[in-house]
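The residues making up each chain are set out below.
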Amino acid sequence: MPITEFHPKPQPKIKRPFVPKRNISGILLLDKPKGISSSGALVKARGIYRALKGGHTGSLDPLASGLLPICLGEAAKFSSYFLEGKKKYIATGLLGKTTTTCDREGEIVAERPIGDAFSRLHETLLQFTGKITQVPPIYSAVKVDGKPLYKYARQGKDVEIPKREIEIYSIKLIETTDDSFTVEVFCSKGTYIRTLISDIGEALGCGAYVTMLRRTYVEGLPENSMISLEKLQELADSRENQTDFTELDKLLYPLDLAVNNLPLLSLPYNMAEPLTHGVRQGPNLKNAVLPEQTDGPMQVRCEGIFIGVCELKDSILIPLRMMAPECLDTLRQKQ
């Protein structure tokens with residue numbers, strides 16, 4: 001009996017209404033899934049929101065999941081200030097092996113017996129709390145002479161990797177298996193968890209590499225407020241009117257959330273308005289309310305309205321990143 005091939009009838013394509021891109025601003029706390037790059041997650045989120053502009057901060061490797069702040073519109077100007085905050089991660093390290101990348105994506109370069117590593121694990125973790133020096137992995141985005149380290153690695157070139165001092169506020173052991181351990185790490189900016197796990201493995205004498213990494217917290221951001229790409233897409237698909245972004249926009253946080261961890265400088269309107277046009281102010285700052293700490297970037301507000309980020313040098317206020325002048329329209333009408 002001849003076999004009859006089944007050819008499914010082509011389904012008609014669902015035509016969605018054309019939705020122009022929007023000049024929308026705000027911060028989305030995305031729960032990035034593993035297996036996708038941070039840039040790929042940004043593209044998907046921007047597409048769902050139909051946002052004209054957008055960026056992300058604090059990149060996560062494709063291996064990693066968790067909190068990835070997506071900055072849409074004007075918020076993208078201030079995305080770099082997220083990097084100043086403390087962070088929390090959950091990481092699993094596999095003992096007995098080391099790889100070229102310090103995670104499961106790399107090639108195994110050494111295998112050693114685990115031995116009595118678990119009996120010394122608690123004591124070893126304590127050695128990595130406080131201020132420590134790290135050497136970032138060669139497969140990282142740290143730049144040397146303007147070039148990311150991973151490019152040197154791919155080209156097989158030797159390069160001197162600069163050391164950096166970071167701080168581990170706490171390492172909490174969550175669980176262990178026959179050959180792995182999982183920890184929660186609370187750390188300063190610039191900490192490489194892959195390097196930390198690798199260094200712990202070396203201190204134990206058997207080596208280790210990361211098999212799971214998840215970021216759970218960034219200082220200054222609301223906790224337990226992440227949303228997944230899957231949930232975002234479900235919400236977008238469930239709309240009766242594809243041009244209605246009301247429910248999606250409710251998930252966005254105000255863009256000044258990016259700078260909440262910076263000292264606050266309050267200015268009167270006559271000083272704030274020129275700043276939005278890039279005009280420096282000073283040295284007479286008698287009507288300004290200065291924070292205690294003025295040796296670095298400061299968030300600037302006028303009657304509670306966020307206008308940007310400035311720094312103070314020789315009594316002169318220098319604009320670093322400013323909102324568009326329209327941010328003061330409501331106050332301008334009162335003048």
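Everything that follows concerns the structure shown earlier in this document.
Residues numbered from 1 in each chain as written. Predicted model: local features only at pLDDT ≥ 70, side-chain atom pairs only at ≥ 80, totals over all residues. Heavy atoms only, no water.

1. Some details on the sheet that holds strand β14 (residues 264–266)
Taken in spatial order, the 4 strands of this open sheet run β14-β15-β16-β17, and their pairing is mixed. Bordering the open sheet on either side are β14 and β17 (316–322), each of which pairs with just one other strand. On average, each strand axis in the sheet is tilted by 40° relative to the strand beside it, whichever way the strands run. (Pairing = 2+ DSSP bridges. Helix = DSSP H or I, 4+ residues; strand = E, 2+ residues; numbered from the N terminus. Axes fitted to C-alpha atoms, helices over the stretch in contact; angles between N-to-C directions.)

2. Describing the side chain of T92
With respect to the helices, strands and loops of the structure, T92 is situated in strand β4 (residues 87–95). A polar contact of 2.8 Å, which involves the side chain of T92, links it to the side chain of T182. In this structure T92 touches S180, F181, T182, Y209, V210, T211 and M212, once residues within four positions along its chain are discounted. (Polar contact = N/O pair within 3.5 Å; in protein donor to acceptor, adjacent residues only side chain to side chain. Contact = heavy atoms within 4.5 Å.)

3. Details of the pattern of salt bridges
Summed over all chains, the structure comprises 15 salt bridges. K53 is the salt-bridge partner of E74, the closest N and O atoms lying 4.0 Å from each other. Taken together, the positions of E74 in the loop between β3 (65–72) and β4 and K53 in the loop between α1 (38–49) and β2 (54–56) put the pair 21 residues apart, joining distant regions of the chain. We classify K53 as partly exposed; its relative accessible area is 42%. Close ionic contact of R194 with D61 constitutes a salt bridge, the shortest N to O distance being 3.4 Å. Taken as a pair, R194 in helix α4 (residues 193–204) and D61 in the loop between β2 and β3 lie far apart in primary sequence, 133 residues in all. Look at the salt bridges and you will find they share partners, linking K53, E74 and K77 into a network. (Salt bridge = Lys/Arg side-chain N within 4 Å of Asp/Glu carboxyl O. Buried < 20%, exposed > 50% of the residue type's maximum accessible area, 1.4 Å probe, protein only.)

4. A look at the environment of M298
Note that M298 resides in strand β15 (residues 298–302). A relative accessible area of 0% means that M298 is categorised as buried. C-alpha of M298 to C-alpha of L320: the two residues are 22 residues apart in sequence and 9.4 Å apart in space. Setting aside its immediate chain neighbours within four residues, M298 contacts L262, P263, L265, P291, Q293, G308, V309, C310, E311, L312 and L317.

5. Considering the side chain of D256
With respect to the helices and strands, the residue D256 is situated in the loop between α6 (246–249) and β14. Relative accessible area serves as the criterion here: at 18%, D256 is assigned to the buried category. Polar contacts involving the side chain of D256 include one to the side chain of R301, which spans 2.7 Å. Those residues in contact with D256 that sit more than four places away from it in its chain are R301 and F306.

6. Considering unusual backbone geometry
If a residue is not glycine, its phi is most likely negative; likewise, a peptide bond is most likely trans. Of note, the bond from G282 into P283 is cis; its omega dihedral lies within 30 degrees of zero at 5°. Within the fold, P283 resides in the loop between α7 (269–275) and β15. In this structure, E303 is a non-glycine residue whose phi angle is positive, near 50°. Residue placement: E303 occurs in the loop between β15 and β16 (305–313).

7. Observations concerning α1
Relative to the 16 Å expected for 12 residues at 1.5 Å per residue, α1 spans 17 Å between its end C-alpha atoms, a close match to the ideal helical length. Looking at α1, one finds that the buried residues are S38, A41, L42, A45, I48 and Y49. The buried side chains of α1 occupy one side of the element, clustering within an arc of 130° when seen end-on. Those residues of α1 hidden inside the fold are in contact with β1 (26–32), β2, β3, α5 (229–237) and α6. Positive phi appears at R50, one or two residues downstream of α1, with a value of about 55°. (Expected span 1.5 Å × (residues − 1). Arc of directions from axis to C-beta.)

8. A few points about the packing of aromatic side chains
As enumerated under the stated definition, the model contains 3 aromatic pairs in all. For the pair Y169 and F186, a centre-to-centre distance of 5.1 Å together with 50° between the ring planes defines the contact as tilted. Linking Y169 in strand β10 (residues 164–176) with F186 in strand β11 (residues 180–187), this pair joins segments that are 17 residues apart in sequence. For F186, a relative accessible area of 22% translates into the label partly exposed. Here F186 and Y217 contribute two aromatic rings whose centre-to-centre distance is 6.3 Å and whose plane-to-plane angle is 65°, an arrangement assigned as edge-to-face. Taken together, the positions of F186 in strand β11 and Y217 in strand β12 (residues 208–218) put the pair 31 residues apart, joining distant regions of the chain. Residue Y217 is classed as buried on the basis of its relative accessible area, which comes to 16%. Members of the aromatic cluster, joined through ring pairs, are Y169, F186 and Y217. Taking the ring centre of F245 as reference, the NZ or CZ of R22 above it sits at 3.9 Å. One cation-aromatic arrangement involves R239 over F245; the distance from NZ or CZ to the ring centre is 4.7 Å. (Phe/Tyr/Trp six-rings, centres within 6.5 Å; stacked < 30°, edge-to-face > 60°. Lys NZ or Arg CZ within 6 Å of the ring centre and 35° of its normal.)

Scope: geometric values only; no functional claims are made or implied.
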